[in-house]
Amino acid sequence: MRGAFCHGRANASPGWCVRRLTVVVLAALLGVLVVAVGSAQAEATATVEVRVWQNVGDLEDIRISARPAGGSWRTLGTIPLPLDQTTDSGTFAYGDIDLDVVLSGRAAAATVEVRVWQRVQDLSRVYISARPAGGSWATLGTIRLRLEDGFSSSGTFRYGDIALGVPLPPISELPRVEGIHVSLVADEFAFIPLSLALDGDGSVIAVGGSREAVWRVSPAGEVLLLAGGEGPGLRDGRGSQAQFRSPEGVVVDAAGDIYVADYGNRAIRRITPDGLVTTVVDRSESGYAPLGLALDRNGDLLFSEVRYSPLGARLYRMGADGVLRAIDVGSGDVRGIAANQHGDIWFARVDFSSLPISVSIMKRTAGGGLTTVLTGPQHRDGGVLSIFVSDVTVADDDTLYLADPEAGRVVRITPDGVAAIVVDRSTFDDTSTYPSGSDFHGVVVAPDGSLFVARGGEGLWKVTFDADDAEEVGGFAGHAGEWGNADGWWTLARFGRRWPGSFGDLRLDVAPDGSVLVADMANSAVRRVVPGGAVTTVVGIETGYLPLPRDVAVDGEGNIYVAGARDGLIRRFLADGSGGRVIAGGGPETQPFQVPPDGPAEEAYFSDIQGIALGPGGDLYVIEPERIRRLSPSGWVTTVAGGSGLGDVDGLGTQAQFHGLTDIAVDGAGNLYVIDGGAVSGEAGPIPAIRKVDTSGVVTTLYRGEHPAFGGVLAGPGGIAVTGDGAILISNTGRNQVVR
């Protein structure tokens, strides 16, 4: 009797025998692969099942199929495998094929090379070998594959099956993100926050815990109860009158409305900025419970929901019309979800249908394609992620961060699928008595790339990262090439052009609190961008109409000064945008070529204001195309320089001449710096210049080069600023650069 070979055992019974070739990953992150025969060498493996077919009527007709373990043979398809090579002795013919095996935590799949052999003198005898790409066939050896596992439905082909198992790297081999720093934001949480979100003012919204509540943590670390807190229940109402039951997910829209996945009540609740809680989605009759929340680029609400008896999971989109539309997510239990501003959606998916239980991070593109970013067995079986992955958040560069309470850590996954630990208990040198399952439920990424992490009973922490060695410039708010009028987070906001052919002129100033004020001329608004990236309208059509605000300036108390391009008025508003009033302008219009008179602010007339800037003593400087004027704190307007006609003349005060001033900046000593469009004409037109007015009123030309058409540095300079060390920065719009 001919003996069978299976798992290294001779003469094993057919019922016991399971043929398996094991590709062992000793150091998956370094790409080191070793092949061995025998039982699995690690507890967790990524398995690919291979089927070799042989045509009963033509034994030389060999075909091969492959599939993920327990999956469909159609996943990788069936293709002919020509055995078009022979051994030197001519005894065997053989053919090779490469199979890709997805490895958890790897950027790319591992390639396993498979070789199928056939004895030339006995075509019914088929053998198989396998090795990692570029490895040695001798490491594994060759075993016979009996094609006796079944026949095709037509009876034309017989086949034999074999499994290729790729063990995953143990948890200890998962690398750590270097150069992180943690700081405590708030330690007043006597509960376990289950999910985090960011509000437009930079505060963190946290939900969950034994008090069944929703909290706000300000950037200063102040903790405020927004809703709930009186125990579990289902009740709408304002503030603490409302009740929740196991709130699991949270997200904040551009209007400041907070949406909560109220898991225990199988509902989605909304909290308005004034604290009113209402139920907006009721899933009590569906048998499913909402779990994760996100907002897409259009502001539509995305939510995952799960059912445990029987198992099931779904993902929905709800637009402004309130209609729920299903999103295909394949099979499995959907956990946390995240979305970017390009229409892509990420979600964690758990597959309980086979053992070991697998956890995958899936990406659904804006076009509807579904791809696997990372997959592997659950954490208990040696994988990267546990089945209890809660919050998923995505950074502007599509890097994912996931809170994993069972594994007790926050994991980063790069867009190409490489996983690494950001923080775990060792990060905090922890002596906490809380079990690891209580740790790291919530995580959210801020627009600047920092993280907020919630730890059970240990407070809210901020995680920052060392900057890369390479200097990188990115958008702070808005989105390049997309215009409009919309508040919101980061790239959700829109500025500038509002109709075809018109361009918004954005001028900026920095407030004492670090926020940036933007004169959004095309939208007749002043917008505020907080350090976290949230954009709000401070003054606009609804709050105090501004006819084409040309420029904005902010004083030391946060008061906002706005220059109107259309009406020639200077307005001042309080820091919150209220209390607006005209402080200068509105006097009788002068005739062409007539110099506007100086005098009391209310009698002054400004002609075609181009920019404003505040000096160290509280003076507000206003530039017109050919003159610089000063509005004193006492309300008196005087001409500082220029005004005697167009020209290119240095000199004292009104003896100087300008030709097309476009912007102004003031240094700490009170010196003025302006961009002059250029009175000196070259062969191709005017040549722009940088001019200075010192504190005694003397005008000098600091820089004028060649025309940009002939290699000049300045090409359409649009804005000017002065740094603390006296360096001058120019936004060189004609060449999309900043010049120092």
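Residues numbered from 1 in each chain as written. Predicted model: local features only at pLDDT ≥ 70, side-chain atom pairs only at ≥ 80, totals over all residues. Heavy atoms only, no water.

Colleague: Please set out the overall build of the protein chain residue by residue, giving values where relevant.
Modeller: Helix and strand content of the protein chain: two helices and 63 strands. The burial tally for the protein chain puts 52% of its 740 residues in the buried class. As displayed, the protein chain offers around 32,400 Å² of accessible surface, 50% of which is attributable to carbon and sulfur atoms. (Helix = DSSP H or I, 4+ residues; strand = E, 2+ residues; numbered from the N terminus. Buried < 20%, exposed > 50% of the residue type's maximum accessible area, 1.4 Å probe, protein only. Areas by Shrake-Rupley, 256 points an atom, 1.4 Å probe, with all protein chains shown as cover.)

Colleague: I'd like a rundown of the pattern of salt bridges, residues and numbers included.
Modeller: Applying the stated criterion across every chain, the model contains 22 salt bridges. Close ionic contact of Asp201 with Arg216 constitutes a salt bridge, the shortest N to O distance being 3.8 Å. Remark: Arg216 occurs in strand β18 (residues 213–217) and Asp201 occurs in the loop between β16 (195–198) and β17 (204–208); sequence separation between them is 15 residues. One network of salt bridges, in which partners are shared, links Asp598, Glu624, Glu626, Arg627 and Arg629. (Salt bridge = Lys/Arg side-chain N within 4 Å of Asp/Glu carboxyl O.)

Colleague: I'd like a rundown of the nonpolar core, residues and numbers included.
Modeller: Counting 22 residues, the largest nonpolar core has Ile361, Leu385, Leu400, Leu402, Ile413 and Ala419 as the members making the most contacts within it. Of all elements in the fold, only β30 (345–351), β31 (358–364), β32 (370–377), β33 (392–394), β34 (400–404), β35 (409–413) and β36 (419–424) reach the threshold of two or more residues within this core. The dominant element in this core, judged by the number of residues it contributes, is β30, at three residues. Of all hydrophobic cores here, the second largest spans 19 residues; its members include Leu81, Leu99, Val114 and Val126. (Core = buried A, V, L, I, M, F, W, Y, C linked by side-chain atoms within 4.5 Å.)

Colleague: I'd love a proper account of the sheet that holds strand β59 (residues 689–693), names of residues and values included.
Modeller: Strand order in this open sheet of five strands is β54-β60-β59-β56-β55, and the pairing throughout is antiparallel. Each end of this open sheet is capped by a strand with a single partner; those strands are β54 (651–652) and β55 (661–666). When β55 meets strand β56 (residues 672–676), the two strands line up antiparallel, connected through five bridges. Within β56, the position partnered with Ala665 by the bridge is Tyr673. (Pairing = 2+ DSSP bridges.)

Colleague: Let's hear about the packing of aromatic side chains: which residues, and what values?
Modeller: Evaluation of the coordinates by the stated rule reveals seven aromatic pairs. The interplanar angle of 25 degrees and the centroid separation of 5.7 Å between the aromatic rings of Phe303 and Tyr316 together place this pair among those described as stacked. Note that Phe303 is positioned in strand β26 (residues 301–308) and Tyr316 in strand β27 (residues 311–318), a separation of 13 residues in sequence. Both residues of the pair, Phe303 and Tyr316, belong to the buried class. Between Tyr401 and Phe465 the ring centres are 6.3 Å apart and the planes differ by 35 degrees, which places this aromatic pair in the tilted class. Here Phe465 lies in strand β39 (residues 459–465) and Tyr401 lies in strand β34, a separation of 64 residues in the sequence. When its relative accessible area of 7% is taken as the criterion, Tyr401 is described as buried. (Phe/Tyr/Trp six-rings, centres within 6.5 Å; stacked < 30°, edge-to-face > 60°.)

Colleague: Give a detailed account of the environment of Val359, specifying residues and quantitative values.
Modeller: Counting through the fold element by element, Val359 comes out in strand β31. For Val359, a relative accessible area of 2% translates into the label buried. For Val359 and Ser386, which are 27 residues apart along the polypeptide, the C-alpha to C-alpha distance reads 7.0 Å. Ignoring anything within four residues of it in the chain, the contact list for Val359 reads Arg349, Val350, Leu374, Thr375, Gly376, Pro377, Gln378, Leu385, Ser386 and Ile387. (Contact = heavy atoms within 4.5 Å.)

Colleague: Give a detailed account of unusual backbone geometry, specifying residues and quantitative values.
Modeller: Of note, the phi angle at Ser246 is positive, near 60 degrees, even though the residue is not glycine. Among the secondary structure elements, Ser246 is positioned in the loop between β20 (237–238) and β21 (247–252).

Colleague: Describe in detail the side chain of Thr87, supporting the description with residues and values.
Modeller: Looking at the element boundaries, Thr87 is found in the loop between β8 (85–86) and β9 (92–101). At a separation of 3.3 Å, a polar atom in the side chain of Thr87 contacts the main-chain amide nitrogen of Thr91. (Polar contact = N/O pair within 3.5 Å; in protein donor to acceptor, adjacent residues only side chain to side chain.)

Colleague: Report on the sheet that holds strand β23 (residues 267–271), specifying residues and quantitative values.
Modeller: Taken together, the five strands give an open sheet; going across it, the order is β20-β24-β23-β22-β21, and neighbouring strands pair in antiparallel fashion. On the outer flanks of this sheet lie β20 and β21, each paired with one strand and no other. In the sheet, β20 pairs with strand β24 (residues 276–282) via two bridges, with the strands oriented antiparallel. What sits directly across from Gly237, in β24, is Val277.

Colleague: Any chance you could break down the side chain of Ser632 for me, citing the residues and the numbers?
Modeller: Among the structural elements, Ser632 can be located in the loop between β52 (627–631) and β53 (636–642). A distance of 2.8 Å separates polar atoms of two side chains, one belonging to Ser632 and the other to Ser634.

Colleague: Which residues make up the confidence of the model for the protein chain, and what values do they have?
Modeller: Caution applies to low-pLDDT regions: their predicted coordinates should not be interpreted in detail. Averaged over every residue, the pLDDT of the protein chain is 76; the share at 70 or more is 72%. Within the model, the stretch residues 1–44 combines pLDDT values under 50 with 98 contacts to residues more than four positions away or in other chains. (pLDDT = per-residue confidence, 0-100.)

Colleague: Tell me about the environment of Gly558, residues and numbers included.
Modeller: Relative to the assigned elements, Gly558 resides in the loop between β45 (549–554) and β46 (560–564). Along the sequence, Gly558 and Ala511 sit 47 residues apart, while their C-alpha atoms lie 5.8 Å from each other. Excluding anything up to four places from it in sequence, Gly558 contacts Pro512, Leu574 and Ala575.

Colleague: Before we move on, could you go through the environment of Val389 and cite the residues and values that matter?
Modeller: Within the element layout of this structure, Val389 appears in the loop between β32 and β33. Residue classification places Val389 among the buried residues on the basis of a relative accessible area of 3%. As a C-alpha pair, Val389 and Pro405 span 16 residues in sequence and 6.9 Å in three-dimensional space. Setting aside residues no more than four positions away along its own chain, Val389 makes contact with Arg335, Gly336, Ala348, Leu402, Ala403 and Asp404.

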